Amino acid sequence: MHALRPLLRKSLFNLFAAAFACAALLAPRAASAEALLLIEADSGKVLQADNATIPWYPASVTKIMTAYVTLKAVKDGRLTLDTLLTVSPTAASQSPSKMGFRPGTQLTVDNALKMMMVKSANDMAVVLAEGVGGSIDGFSAMMNDTAQRLGMTQTSYVNPNGLPADGQITSARDLGILARSFLRDLPEYEYFVHIPAIRFGKRTTGNFNKLIGRYPGADGFKTGFICASGYNLVASATRNGRRLIAVVLGANSGTARAVKAAQLLERGFSQDGLTWLRPSLGTVDKLVPVDASPPNLRDEMCGGHRKRPASDDDDALIAANGGTSGSASATGGEAQVTFFTAGLQPPLMKASELMASAPAATEPVLVYTGPTRTGTALIAAVAADADQQATPKPRGKKSRVAKKPDATDKPADKPKDTKTAAAKPADAKKDAKSDGKTAAKPAGIKHAAAKPDAAAKPAASGDQAVKPAKPKAATKPPAKPANNS
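Residues numbered from 1 in each chain as written. Predicted model: local features only at pLDDT ≥ 70, side-chain atom pairs only at ≥ 80, totals over all residues. Heavy atoms only, no water.

Taken as a whole and judged by the stated rule, the model has 1 disulfide. Disulfide pairing places Cys227 opposite Cys302 at an S-S distance of 1.9 Å. On the S-S bond that ties Cys227 to Cys302, the torsion sits near -95°, and the link is left-handed. Within this pair, whereas Cys227 is found in the loop between β7 (218-226) and β8 (230-239), its partner Cys302 is found in helix α9 (residues 298-302), the two being separated by 75 residues in sequence. Under the relative-accessibility criterion, Cys227 is labelled buried at 17%. Taking the relative accessible area as the measure of exposure, Cys302 reaches 29% and is therefore partly exposed. (Disulfide = S-S within 2.5 Å. Helix = DSSP H or I, 4+ residues; strand = E, 2+ residues; numbered from the N terminus. Buried < 20%, exposed > 50% of the residue type's maximum accessible area, 1.4 Å probe, protein only.)

Of note, Ser171 is situated in the loop between α6 (136-150) and α7 (172-185). Side chain to side chain, Ser171 and Gln154 meet in a polar contact 2.8 Å long. (Polar contact = N/O pair within 3.5 Å; in protein donor to acceptor, adjacent residues only side chain to side chain.)

The subject of this paragraph is the sheet that holds strand β2 (residues 46-50). Strand order in this open sheet of 5 strands is β2-β1-β9-β8-β7, and the pairing throughout is antiparallel. Sheet topology places β2 and β7 at the edges, where each strand pairs with a single neighbour. Each strand of the sheet is rotated relative to its neighbour by a mean of 10°, with strand direction disregarded. As judged from the 6 bridges shared by strand β1 (residues 35-40) and strand β9 (residues 242-251), these two strands associate in the antiparallel manner. (Pairing = 2+ DSSP bridges. Axes fitted to C-alpha atoms, helices over the stretch in contact; angles between N-to-C directions.)

Applying the stated criterion across every chain, the model contains 11 salt bridges. With its nearest N and O atoms 2.8 Å apart, the salt bridge here joins Asp110 to Lys114. Taken together, the positions of Asp110 and Lys114, both in helix α4 (residues 109-119) and 4 residues apart, correspond to about one turn of that helix. Overall, the relative accessible area of 17% leaves Asp110 in the buried class. Ionic pairing is found between Arg173 and Asp174, a salt bridge with its closest N-O pair at 2.5 Å. Judged by its relative accessible area of 4%, Arg173 is buried. Residue classification places Asp174 among the buried positions, given a relative accessible area of 0%. Among the charged side chains, a network of salt bridges with common partners joins Lys72, Asp76 and Arg78. (Salt bridge = Lys/Arg side-chain N within 4 Å of Asp/Glu carboxyl O.)

Function cannot be read off these values alone, since they describe shape.
Below, the structure written as structure tokens:
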């Protein structure tokens with residue numbers, strides 16, 4: 001009998017080890033560089049929470065609060081959706097993503113909100129902040145007061161757009177509280193969080209939230225990305241009258257965050273029948289905050305291993321850092337977990353394939369500068385914005401070509417110009433060619449202006465309208481004036 005004891009102990013140890021390994025394989029991966037939360041919108045009941053109370057850099061999901069504070073001011077009668085706001089030099093100087101309007105441009109609260117929520121325009125967030133709060137600091141104080149009132153105890157704001165700042169902090173828990181509050185307090189304005197696409201002039205921009213138009217029932221909210229935070233997403237969807245909110249922080253690509261959110265939502269919708277099997281996690285406001293510093297994912301998200309610069313509008317595949325097997329937690333691994341946790345039934349869809357598909361065809365919402373217009377006046381305003389997009393064309397790749405004439409064009413009216421023309425005919429041809437391209441290609445794309453801003457080479461202050469104006473005015477006076485809207 002005594003001789004059998006060591007053998008029995010060894011067998012029990014092996015049995016427990018195998019059980020532990022099996023459980024580890026089946027459990028959702030809760031990496032320190034990722035936070036996940038799934039809640040019911042109406043009740044606030046928590047259906048899943050992984051690292052949900054760890055502080056995090058919010059990036060552009062900050063704009064949910066910017067929209068909340070702005071629309072609350074509209075609802076309280078302090079301004080209207082038709083109120084005209086002016087783009088200040090501070091707003092124009094914001095880093096991309098942005099609309100790129102030059103200082104002095106005016107537009108309505110309504111159009112600024114649409115541009116901010118769909119294109120994630122950082123300049124429009126500042127336009128709204130200055131229009132509602134008088135300044136970035138004044139509006140940030142309003143944001144912080146609102147956060148405290150809503151119970152977002154882990155959140156602080158220093159700007160309205162989520163651009164990198166040490167004091168800009170939140171958590172998945174607090175973002176869940178904010179999303180619930182938006183739906184509860186501003187139901188008449190929830191349209192702003194699920195616009196599929198906008199059209200400004202000749203340019204159409206789709207919502208960075210890939211669930212909109214792809215995942216059945218998707219109806220919100222907002223994406224975000226900075227190197228320190230990774231790819232963030234607050235998403236909501238409604239099925240059979242039941243609305244869920246998913247929060248994903250720290251995903252490794254724009255597609256990955258959408259896939260993870262879709263899987264969270266699908267798991268929540270499919271577990272109705274067996275909720276009694278799971279221990280209650282309480283409500284989102286009862287989750288206990290963790291006292292820690294936010295993780296900084298800069299090296300992981302923006303290190304040299306990236307084939308191209310990361311951005312919020314990232315179309316990288318889930319397996320951005322390797323083969324498809326590198327994303328087991330976002331694809332196959334998650335699917336196995338769903339099989340065992342969602343009522344012993346396989347997932348209803350492959351979220352990765354769904355996010356890779358084209359969104360449902362919809363008519364983009366028209367946005368424009370100037371006061372509110374309808375009918376033929378609206379058509380004229382859209383046409384005017386399209387015409388003004390003709391001049392910014394050189395601001396992408398061509399901005400580098402246009403920059404050289406900037407240096408040589410200043411003395412162009414002086415005798416030195418003849419010497420330059422004689423000595424360097426190739427340069428003169430290049431200048432003429434550059435101007436020819438500028439005038440010949442009217443379809444200006446303001447996204448191109450964003451790239452030089454991000455690189456901080458030409459002008460970090462968003463005067464993309466001013467730079468191209470010089471070569472046009474100096475070298476081809478008859479061409480259209482550089483009127484960037």
